[in-house]
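# Per-entry structural report
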Amino acid sequence: MKALRTPRRSWVLPASVLIGATLGGGYGALKAPEYAATSYVIVVPGEKSDPAAALGFAQAYGRVATDIAVTGDAQVWAGVSAQTLRSSVQAATSPDAPMISITARAAKPGRAVSMADGVARALVLNSSHVAGSTGVKVVQFSRATRPVAPVSPSAPLSALVGGCAGGLLGGLVLLVRPKRAGRTESGAEARSEVRAEAGNSRQTSSAAVPGPAGAQHQPEPEAV
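These notes cover the structure that comes with them. (Residues numbered from 1 in each chain as written. Predicted model: local features only at pLDDT ≥ 70, side-chain atom pairs only at ≥ 80, totals over all residues. Heavy atoms only, no water.)

### With respect to the overall build of the protein chain
- Helix and strand counts for the protein chain come out as 9 helices and 4 strands.
- Burial statistics for the protein chain: of 224 residues in total, 25% are counted as buried.
- Of the roughly 15,000 Å² of accessible surface on the protein chain, 61% is carried by carbon and sulfur atoms. (Helix = DSSP H or I, 4+ residues; strand = E, 2+ residues; numbered from the N terminus. Buried < 20%, exposed > 50% of the residue type's maximum accessible area, 1.4 Å probe, protein only. Areas by Shrake-Rupley, 256 points an atom, 1.4 Å probe, with all protein chains shown as cover.)

Set out below in structure tokens:
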């Protein structure tokens, strides 16, 4: 049985790598390319405000960037829905500088640029409305540039990642299955040994116990 199972286990790892590479390559080939564009804004303090407050407001604006864009006119400027802005735009802040980077991802380069610039413009406009109470305002630092290459993985890269993942899963299967087989075989051997010992003990006990001995006949003494 071990000789029959060994060739099957030897094909698990190559088959897993092949299946993973095929699935990964197919996903990379069928998935539409995705482009990313990034726009930068900076928070500047007012004349009578603390310069250190700009850093704190930059963190706050970075957390609510997509909410401000949705409630503002960013959807009109970007030409997409509010749901698309929430799912496709991300804002990141720096712990050292009051700067906010706004990155948008889209299937077309021009759409990614318009989405990033639209959200940045919404932040600038919103900050100007509340500059009197916050003491800071957001200004445009750098507009988004048109991406020339997609950021989504290509088909060869997806195939490589899928092959690695398939090989990893195949290796895990090889590590798990022999242990289970070994436990099954050891359990069967243990049960057979117990049965053999039980049979030997029965034979030994039956041979050790003698049958009932017959009563010995003693001759009577003759009368003198």
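Moving on from the coordinates now.
### Some words on the environment of D117
- Mapped onto the fold, D117 is located in helix 7 (residues 109–129).
- Spatially, the C-alpha atom of D117 lies 8.9 Å from that of A37, the residues being 80 residues apart in sequence.
- For D117, the residues in contact, after removing those within four places along its chain, are S39, R143 and A144.
- Within the structure, the side chain of D117 is placed 3.0 Å from the backbone nitrogen of A144, a separation counted as a polar contact. (Contact = heavy atoms within 4.5 Å. Polar contact = N/O pair within 3.5 Å; in protein donor to acceptor, adjacent residues only side chain to side chain.)

### Some words on the pattern of salt bridges
- Counted by the stated rule, this structure contains 3 salt bridges.
- One salt bridge in this structure joins D117 and R143, with 3.4 Å as the shortest N-O distance. Taken as a pair, D117 in helix 7 and R143 in the loop between strand 4 (136–142) and helix 9 (155–208) lie far apart in primary sequence, 26 residues in all.
- The class for D117 is buried, based on a relative accessible area of 11%.
- A relative accessible area of 56% places R143 in the exposed class. (Salt bridge = Lys/Arg side-chain N within 4 Å of Asp/Glu carboxyl O.)

### As for the sheet that holds strand 2 (residues 89–93)
- In space, the 4 strands of this open sheet follow the order 2-3-1-4, with antiparallel pairing throughout. The sheet is open, and its two borders are formed by strand 2 and strand 4, each paired with just one other strand. When strand polarity is set aside, the average angle formed by the axes of neighbouring strands in this sheet is 25 degrees.
- With 5 bridges connecting them, strand 2 and strand 3 (residues 99–106) associate as antiparallel partners. Bridge pairing in strand 3 places T93 opposite I100.
- Sheet strands in contact with helix 3 (residues 51–63) are strand 1 (35–45), strand 2, strand 3 and strand 4, and its direction is about 145 degrees off that of strand 1.
- In this fold helix 7 packs onto strand 1, strand 2, strand 3 and strand 4, with an angle of close to 15 degrees to the strand it touches most, strand 1. (Pairing = 2+ DSSP bridges. Axes fitted to C-alpha atoms, helices over the stretch in contact; angles between N-to-C directions.)

### Describing the nonpolar core
- Formed by 30 residues in total, the largest nonpolar core has its most connected members in V43, L85, I102, M115 and L123.
- For this core, the element with the most residues is helix 7, which contributes 8 residues.
- Once residues lying within four places of it in the same chain are set aside, the contact partners of I102 are A37, T38, S39, V41, V89, Q90, A116, V119, A120 and L123. (Core = buried A, V, L, I, M, F, W, Y, C linked by side-chain atoms within 4.5 Å.)

### Focus on the packing of aromatic side chains
- Applying the stated rule across the entire model yields 0 aromatic pairs.
- Taking NZ or CZ as reference, R121 lies 4.0 Å from the ring centre of W77, over its face. (Phe/Tyr/Trp six-rings, centres within 6.5 Å; stacked < 30°, edge-to-face > 60°. Lys NZ or Arg CZ within 6 Å of the ring centre and 35° of its normal.)

### So, the pairing of strand 3
- Relative to strand 3, strand 1 is paired through 8 bridges, and the arrangement is antiparallel. Following the sheet pairing, Y40 is matched in strand 3 by S101.
- In textbook terms, the turn of a hairpin is the stretch between consecutive antiparallel strands, and for strand 2 and strand 3 this stretch comprises 5 residues.

### Overview of the environment of A53
- Mapped onto the elements of the fold, A53 is located in helix 3.
- We classify A53 as partly exposed; its relative accessible area is 25%.
- The spatial distance from the C-alpha of A53 to the C-alpha of V43 is 9.4 Å, given a sequence separation of 10 residues.

### Digging into the side chain of S88
- Counting through the fold element by element, S88 comes out in helix 6 (residues 82–88).
- On the accessibility criterion, S88 (19% relative accessible area) is buried.
- When near neighbours in sequence (up to four residues on either side) are disregarded, S88 contacts T103, A104, R105 and M115.

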